[in-house]
Amino acid sequence: MSLNKSLEISPQLENIRCVSDEMISEIYKISNDSDLTFRIDIALTEAVTNAIKHGPADENSIIRIEYISQGEKHIFHVEDKGRGPENNIFKNPQPSEDRLLENKRGAIMIHWAADEIIQQVDKSGYKLTLIFKPH
Amino acid sequence: MNIEFERHDNSTVVRVLEDRVDAANASELKTYLNEMIEQGNAILGIDLNMVSFIDSSGLGTLVSALKKVGQNGTISLWGLTQQVKTLFQITQLYEVFEIFEQESDAIEALNKYVAQ
């Protein structure tokens with residue numbers, strides 16, 4: 001069974017729940033894999049939160065989330081109109097020596113959860129692709 | 001956000017009655033914990049039994065509370081699901097907090113902290 005879906009949200013933090021409500025429960029239904037679903041939930045929540053917090057905040061700005069099921073692969077694109085984080089942020093991120101510092105926790109969680117991470121930036125904005133496979 | 005608290009003789013127990021702690025509600029939890037600590041409740045036990053999902057904003061909120069109690073108190077956590085525990089481990093926060101399987105062990109540790 002496959003499922004392709006897309007969702008557009010405005011950049012408000014309460015809209016993160018739309019992603020979990022509309023996508024994550026469907027993915028569990030088709031995969032019946034709680035580990036996979038949890039990893040997708042974590043990485044997608046972090047990616048969308050980053051897009052909301054760091055993308056443009058004007059009222060016309062939209063964050064687009066697209067889901068493509070391709071065999072065993074679950075592919076997500078999260079797009080916003082911003083420039084994205086630094087381009088090597090997901091390359092083996094490590095906690096700060098001072099573990100109480102806030103930085104990089106989201107990147108660490110995405111790196112742990114996703115099997116492949118692709119960042120693209122062009123004139124139209126930033127696109128983060130997350131690919132998951134069953135373990 | 002649904003939260004309950006109980007005052008014990010020497011400590012305060014906060015029960016987070018939410019399935020998810022994420023960027024949508026973490027700031028509410030942060031405000032609540034900050035107020036508790038500012039009112040002098042620096043010896044805190046936080047029950048996470050109901051929480052099946054916590055993101056970096058939720059973890060950041062707990063870290064922020066730990067920083068706020070500083071040398072004047074402590075925070076014990078219990079009730080972490082295996083998945084939530086994994087997130088504490090990959091972010092290396094598992095060693096930063098006092099984490100217990102059972103509430104009774106956490107309360108005992110908080111009481112010992114007071115007796116020190």
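Note that the structure is a prediction, hence the values are computed from the model and not measured.

How each quantity is defined
Chains are numbered independently. Their residues run from 1 in the order of the written sequence. As a convention, the first chain written is A and the first ligand written is 1, with the rest following in written order. Restriction of local features to residues with pLDDT of at least 70 applies here, the model being predicted, together with a cutoff of 80 or more for giving and counting side-chain atom pairs; totals for whole chains, interfaces and linings are based on all residues. Each side-chain value is worked out from all heavy atoms of the structure, with water and hydrogens disregarded. Two strands qualify as a pair provided that DSSP identifies no fewer than 2 bridges between them. Helix and strand assignments follow DSSP, with helices taken as H or I runs no shorter than four residues and strands as E runs no shorter than two, numbered in order from the N terminus. Inter-axis angles, ranging from 0 to 180 degrees, are taken between N-to-C directions of lines fitted to C-alpha atoms, where helices are fitted over the stretch in contact. Only rings of Phe, Tyr and Trp enter the pairing, Trp through its six-membered ring, and a pair is recorded when the two centres are within 6.5 Å. The plane angle decides the type: under 30 degrees is stacked, over 60 is edge-to-face, the rest tilted. In this scheme, Lys NZ or Arg CZ marks a charge over a ring once it lies within 6 Å of the ring centre and within 35 degrees of the ring normal. A contact between two residues is defined here by any heavy atoms of the two lying within 4.5 Å. Accessible surface is computed with a 1.4 Å probe, and the buried area is the amount of it that two parts give up when combined, taken over both parts together. When a carboxyl oxygen of Asp or Glu lies within 4 Å of a side-chain nitrogen of Lys or Arg, that pair is called a salt bridge. Geometric relationships in this document are graded by angle, where less than 35 degrees denotes roughly parallel, more than 145 denotes roughly antiparallel, 65 to 115 denotes roughly perpendicular, and other angles denote oblique. By the definition used in this description, the sense in which the near helix is turned from the far one sets the handedness, with an anticlockwise turn below a right angle giving left-handed and a clockwise turn giving right-handed.

All names here are of chain B. The 5 strands lie next to each other as β1-β2-β4-β6-β7, forming an open sheet whose pairing is mixed. Both edges of this open sheet fall to β1 (3-7) and β7 (98-100), since each of them pairs with a single strand only. Taking each pair of neighbouring strands and ignoring which way they run, the sheet shows an average axis angle of 20°. With 5 bridges connecting them, β1 and strand β2 (residues 12-16) associate as antiparallel partners. In the strand pairing of β2, E4 is matched with R15.

This brings us to the packing of aromatic side chains. As enumerated under the stated definition, the model contains 4 aromatic pairs over all chains in all. Measuring from ring centre to ring centre gives 6.0 Å for F88 of chain B and F97 of chain B, while their planes differ by 80°; the resulting arrangement is edge-to-face. Taken together, Y67, F76 and F132 of chain A form an aromatic cluster joined through their ring pairs. Taking NZ or CZ as reference, R20 of chain B lies 3.8 Å from the ring centre of F53 of chain B, over its face.

Listed per partner, the contact involves 25 residues of chain B and 23 residues of chain A. Carbon and sulfur atoms make up 64% of the area that chain B and chain A hide from each other, which totals about 2,100 Å². In terms of surface lost to chain A, no three residues of chain B exceed R20, Q83 and I90 of chain B, which account for 22% of the buried area on that side. Counting every contact that joins chain B to chain A gives 2 salt bridges. For the salt bridge of R20 of chain B with D41 of chain A, the shortest nitrogen-to-oxygen distance reads 2.8 Å.

The next thing to look at is the packing of helix α1 (residues 16-31) of chain A against helix α2 (residues 34-54) of chain A. Residue and element names in this part refer to chain A. Contact pair α1 / α2: the axes reach a minimum separation of 10 Å and the direction vectors enclose 160°. One element, α1, and the other, α2, form an angle in the roughly antiparallel class. Considering only the axes of α1 and α2, their crossing is right-handed. Where α1 approaches α2, its residues I16, V19, S20, M23, I24, I27, Y28 and S31 are matched on the opposing element by S34, L36, T37, I40, D41, L44, T45, V48, T49 and I52.

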